[in-house]
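Next come the chains, spelled out residue by residue.
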Amino acid sequence: MVNGDQKMMDLATFELIFFPILSNNCYYLLCFDIKNPLIVIIDNLDMQERNQTDKHRKECMITASEVKEHLVRYMRSVRHINAELVEAQTPIHLNLQWYTTAMDSGVYVMRHMETYMGTRRNKWDCGFATQKSKLNKQLLMAKKKYAAKIILSDINLHRARIVDAINSQAI
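It should be emphasised that the depicted structure is a prediction, and the values quoted were computed from it without experimental measurement.

Analysis parameters
Residues numbered from 1 in each chain as written. Predicted model: local features only at pLDDT ≥ 70, side-chain atom pairs only at ≥ 80, totals over all residues. Heavy atoms only, no water. Helix = DSSP H or I, 4+ residues; strand = E, 2+ residues; numbered from the N terminus. Buried < 20%, exposed > 50% of the residue type's maximum accessible area, 1.4 Å probe, protein only. Contact = heavy atoms within 4.5 Å. Areas by Shrake-Rupley, 256 points an atom, 1.4 Å probe, with all protein chains shown as cover. pLDDT = per-residue confidence, 0-100. Core = buried A, V, L, I, M, F, W, Y, C linked by side-chain atoms within 4.5 Å. Salt bridge = Lys/Arg side-chain N within 4 Å of Asp/Glu carboxyl O. Pairing = 2+ DSSP bridges. Phe/Tyr/Trp six-rings, centres within 6.5 Å; stacked < 30°, edge-to-face > 60°.

### Re the overall build of the chain
At step 1: The secondary structure content of the chain amounts to six helices and four strands.
At step 2: Along the chain direction, N to C, the helices and strands of the chain fall in the order α-β-β-β-α-α-β-α-α-α.
At step 3: By the burial criterion, 36% of the 171 residues in the chain qualify as buried.
At step 4: Across the chain, contacts joining residues at least 24 apart in sequence account for 56% of those joining residues at least 6 apart.
At step 5: Accessible area for the chain stands at about 11100 Å²; split by element, carbon and sulfur atoms hold 54% of it.

Structure representation (structure tokens):
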């Protein structure tokens, strides 16, 4: 949360800015590397899952361009030194070694935000297995971890009520 923190508001301490995008019931990620200007689209959904691959890629590019326009406008308003360099970037799709179905796309987006550090193209691994049985266990653990972090977060307005309910059920 920014809460008026000038360093957070002017983006001076940031290298990467992530935007989770929901499109046609599937999540993907836009990442803006504002230190070493680069815009990447991280979409783990198997393109065979999407009915129209070319249409989906075009939609991703349009969305990335629209988000870029708003981000650059903000960067200019806070006089960020790389605003023009970010504006000059054309978004690229990362070629991933892992793809999945729409059902787990949100978990992948969260994992991608955790593990992507600006690595270019095929040099990054999010850490999920390719073997289905091992992957399913990893996905289940990730879902539990993310749910716990969300529920127990200090900014969760319902945290106390949920924790009280859980404690009242404890044996």
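### Looking at the confidence of the model for the chain
At step 1: Predicted confidence across the chain gives a mean pLDDT of 86, with 87% of residues reaching 70 or more.
At step 2: For the chain, per-element mean pLDDT is lowest for helix α1 (residues 6-9), which scores 68, and highest for helix α3 (residues 83-87), which scores 96.

### Things to note about the nonpolar core
At step 1: Counting 21 residues, the largest nonpolar core has V40, I42, L94, Y116, W124 and F128 as the members making the most contacts within it.
At step 2: If you list the elements that add at least two residues to this core, you get β2 (26-33), β3 (38-42), α4 (105-115) and α5 (132-152).
At step 3: Ranked by the residues each element gives to this core, the list is headed by α5, at four residues.
At step 4: Those residues in contact with V40, other than ones at most four positions away along the chain, are L29, L30, C31, I92, L94 and Y116.
At step 5: Judged by nonpolar contacts, the second largest core, of 17 residues, contains I21, Y28, C60 and M75.

### Focus on the pattern of salt bridges
At step 1: According to the stated counting rule, one finds eight salt bridges in the structure shown.
At step 2: Salt bridges sharing partners connect three or more residues here, namely R76, E84 and E87.

### Side note on the sheet that holds strand β4 (residues 92-93)
At step 1: Spatially, β1-β2-β3-β4 is the arrangement adopted by the four strands of the open sheet, whose pairing is mixed. Both outer strands of the open sheet, β1 (16-23) and β4, are each paired with one neighbouring strand and no more.
At step 2: Relative to β2, β1 is paired through eight bridges, and the arrangement is antiparallel. Residue P20 lies in a different strand from β2, and its bridge partner there is L29.

### Things to note about the pairing of β2
At step 1: Most of β2 is tucked away, with seven of its eight residues classed as buried.
At step 2: Between β1 and the antiparallel strand that follows it, β2, lie two residues; N24 among them carries a positive phi value of about 50 degrees.
At step 3: Pairing analysis gives five bridges linking β2 to β3, with the strands arranged antiparallel. Across the sheet, residue C31 finds its bridge partner in β3, namely V40.

### Details of unusual backbone geometry
At step 1: Even without being glycine, N24 reaches a positive phi, approximately 50 degrees.
At step 2: Here N24 is to be found in the loop between β1 and β2.
At step 3: A residue is classified by how much of its surface remains accessible, and N24, at 57% relative accessible area, is exposed.
At step 4: The residue R79 is not glycine, and still its phi comes out positive at about 60 degrees.
At step 5: Note that R79 resides in the loop between α2 (53-77) and α3.

### Remarks on α4
At step 1: Taken together, the buried positions of α4 are S105, V107, Y108, V109, H112 and T115.
At step 2: Considering only its buried residues, α4 is in contact with β1, β2, β3 and α5.

### Things to note about the packing of aromatic side chains
At step 1: In total, this model carries three aromatic pairs according to the counting rule given.
At step 2: An angle of 85 degrees between the planes, with centres 5.6 Å apart, marks the rings of F19 and F32 as edge-to-face. Taken as a pair, F19 in strand β1 and F32 in strand β2 lie far apart in primary sequence, 13 residues in all.
At step 3: Plain terms: the ring middles of Y108 and F128 are 5.1 Å apart, the flat faces sit at 70 degrees to each other, and that makes the pair edge-to-face.

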